[in-house]
Amino acid sequence: MHKYKEIFIFVLGSTPQILTETIYALATGPSKIYPDEIVIGTTTEGKRILQEVLEKQNVLKNLCKEYKIPYVEPQYRIPQNSKGEQLSDIRTTEDNQEMANLINEIVRSKASEKDTRLHCSIAGGRKTMSFYLGAALQLYGRAQDKLYHVLVSPEFETNKDFFYKPLKDIEILTKDGKKLNTRNAKIELAELPFLRIGEKAQIKGDSFNESIKHGQDAIDEAIFLQDIHLNLKNREINIGEISIKLQPIHLALYATFLKLKTKCSKKQCDGCEKCNITRKVWSDDAKKVFSKIYNKLRIDGQSWFSDLDPKKNNYSSEKFTSAISKINKCIKSALNDTTLAAYYMVISKRHYGCSKYTVKIGKNKIKFVG
């Protein structure tokens, strides 16, 4: 049986019971899972409440001692605002964004560690915090990772004196003075199914919004995008059933982008020189690819490529960008779908002071005919 480092991740506010109830449920369940690390996304006010109950009142240590669970010191992670101040609550749009980024970073970093298994609870904190945790796990979660919601008997769920079911039954009081015996308490852990996008695509993004965008791009590319076939013999490209004719000079340039993309060993483009071209300086590999395609298309007596032949270094950056503009115009017009066309058009990205050009479509969608 594979041995994982068990990482327990919570989003919590004023309900420390969720942490102890979840740990209790996993420790007493069929698999008897104990935490190796406990990470809590919260606010300064949440941390104060949690520390008061879990640590100063020794609730967490008592649980661990009673059920022989190795004690782990909780790690409190608190987002900061634009001024570098830790958040005391989540009330504004900016506050929500900072909390989303924090939760995204926690899940991404822990999921990237080798031989870890994440146990994420969405039962605590504000509703938006629970959503962010579930969404982040969909983006970065792996087959072994789990998502939970703890279910507790209603009369015990809201009782501030109930944290887990002790080995020795005790009586606690409700707000109206009614006595409850802990032997009647039921704690269940509902395991929630979720999509695991991260297993099928390499998701990146420094923020929650960027990660979501990468995830959506991965889904769109996997499900909705048609293969693009490059046919030099017929001097055309085919996207699904749509045939697009390009001028030879434009076809050669576009074919160079596609060929460089398929030759790149990286799973996701990050602006490297292997599948990107700048306006003024081409890599030796890009020159070789362009020249080879140029020779296939060239007809004696015609000089389509005189302005864009990098081997002769006599093309201008203005004519380069003009050619790209015409290529993109043809693709956009043929597909008649701006969102779809964006995956096939030549895109540019500012990178260390210069624009780099590539195609967005994944290399698995690029096919060469003949």
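Above this text sits the structure in question.
Residues numbered from 1 in each chain as written. Predicted model: local features only at pLDDT ≥ 70, side-chain atom pairs only at ≥ 80, totals over all residues. Heavy atoms only, no water.

### Focus on the overall build of the protein
Argument step 1. Along its length, the protein carries eleven helices and 15 strands.
Argument step 2. For the protein, whose C-alpha radius of gyration is 28 Å, the value lies well above the compact-globule estimate of 21 Å for 370 residues.
Argument step 3. Across the 370 residues of the protein, 49% fall into the buried class.
Argument step 4. Taking as baseline every contact in the protein between residues at least 6 positions apart, the subset at least 24 positions apart corresponds to 68%.
Argument step 5. Roughly 19800 Å² of accessible area belongs to the protein as shown, and the carbon and sulfur atoms make up 49% of that amount.
Argument step 6. Taking the average place of the 61 positive charges on the side chains of the protein and the average place of its 44 negative ones, the gap between the two points comes to 7 Å. (Helix = DSSP H or I, 4+ residues; strand = E, 2+ residues; numbered from the N terminus. Rg over C-alpha atoms; globule rule 2.2 N^0.38 Å. Buried < 20%, exposed > 50% of the residue type's maximum accessible area, 1.4 Å probe, protein only. Contact = heavy atoms within 4.5 Å. Areas by Shrake-Rupley, 256 points an atom, 1.4 Å probe, with all protein chains shown as cover. Lys, Arg positive; Asp, Glu negative; His and termini not counted. Charge placed at Lys NZ, Arg CZ, Asp CG, Glu CD.)

### Quick word on the packing of aromatic side chains
Argument step 1. Here the structure, examined in full by the defined rule, presents seven aromatic pairs.
Argument step 2. Relative to Tyr67, the ring of Tyr24 lies with its centre 5.4 Å away and its plane at 80°, an arrangement referred to as edge-to-face. A residue pair is termed long-range when its members are at least 10 positions apart, and Tyr24 in helix α1 (residues 17–28) and Tyr67 in the loop between α3 (59–66) and β3 (75–77) qualify at 43 residues.
Argument step 3. Judged by its relative accessible area of 12%, Tyr24 falls in the buried class.
Argument step 4. For the ring pair Tyr132 and Phe208, a centre distance of 5.1 Å and an interplane angle of 70° mean the geometry is edge-to-face. (Phe/Tyr/Trp six-rings, centres within 6.5 Å; stacked < 30°, edge-to-face > 60°.)

### Concerning the pattern of salt bridges
Opposite charge on two side chains permits them to pair, given that their charged atoms come into close proximity.
Argument step 1. Going through the model one piece at a time under the given rule, you end up with 14 salt bridges.
Argument step 2. Put simply, Glu52 and Lys56 hold a salt bridge, and the shortest N to O gap is 3.9 Å. Linking Glu52 with Lys56, this pair stays in helix α2 (residues 44–56), spanning four residues, or about one helical turn.
Argument step 3. Here Asp89 ties to Arg91 by a salt bridge, and the two come within 3.0 Å at their closest N and O atoms.
Argument step 4. A residue is classified by how much of its surface remains accessible, and Arg91, at 65% relative accessible area, is exposed.
Argument step 5. Here the residues in one salt-bridge network are Lys5, Glu37, Lys110 and Glu113, joined through shared partners. (Salt bridge = Lys/Arg side-chain N within 4 Å of Asp/Glu carboxyl O.)

### So, the sheet that holds strand β15 (residues 366–369)
Argument step 1. Spatially, four strands are ordered β11-β10-β9-β15 in an open sheet, and the strand pairing comes out mixed. Two strands bound the open sheet, and with one partner strand each, they are β11 (242–245) and β15. Neighbour to neighbour, the strand axes of the sheet diverge by 25° on average, direction disregarded.
Argument step 2. Where strand β10 (residues 236–239) lies against β11, four bridges are found, and the strand directions are antiparallel. Bridge pairing links Ile239 to Ile242 in β11.
Argument step 3. Contacting β9 (228–231), β10 and β15, helix α8 (residues 248–263) runs over the sheet at an angle of about 120° to β15.
Argument step 4. Against the sheet, helix α10 (residues 317–335) contacts β10 and β11, and its axis sits at roughly 155° relative to β11. (Pairing = 2+ DSSP bridges. Axes fitted to C-alpha atoms, helices over the stretch in contact; angles between N-to-C directions.)

### Some words on the nonpolar core
Argument step 1. In this structure, Ile237, Tyr254, Phe257, Ile331 and Tyr344 are the most contacted members of the largest nonpolar core, which totals 41 residues.
Argument step 2. Counting residues per element, this core draws most heavily on α8, which supplies eight residues.
Argument step 3. With sequence-adjacent residues up to four places away left out, Phe257 is seen in contact with Ile277, Phe320, Ile324, Val346, Tyr357, Thr358 and Val359.
Argument step 4. Counting residues in hydrophobic clusters, the runner-up holds 35 residues, among them Leu12, Ile40, Ile172 and Ile187. (Core = buried A, V, L, I, M, F, W, Y, C linked by side-chain atoms within 4.5 Å.)

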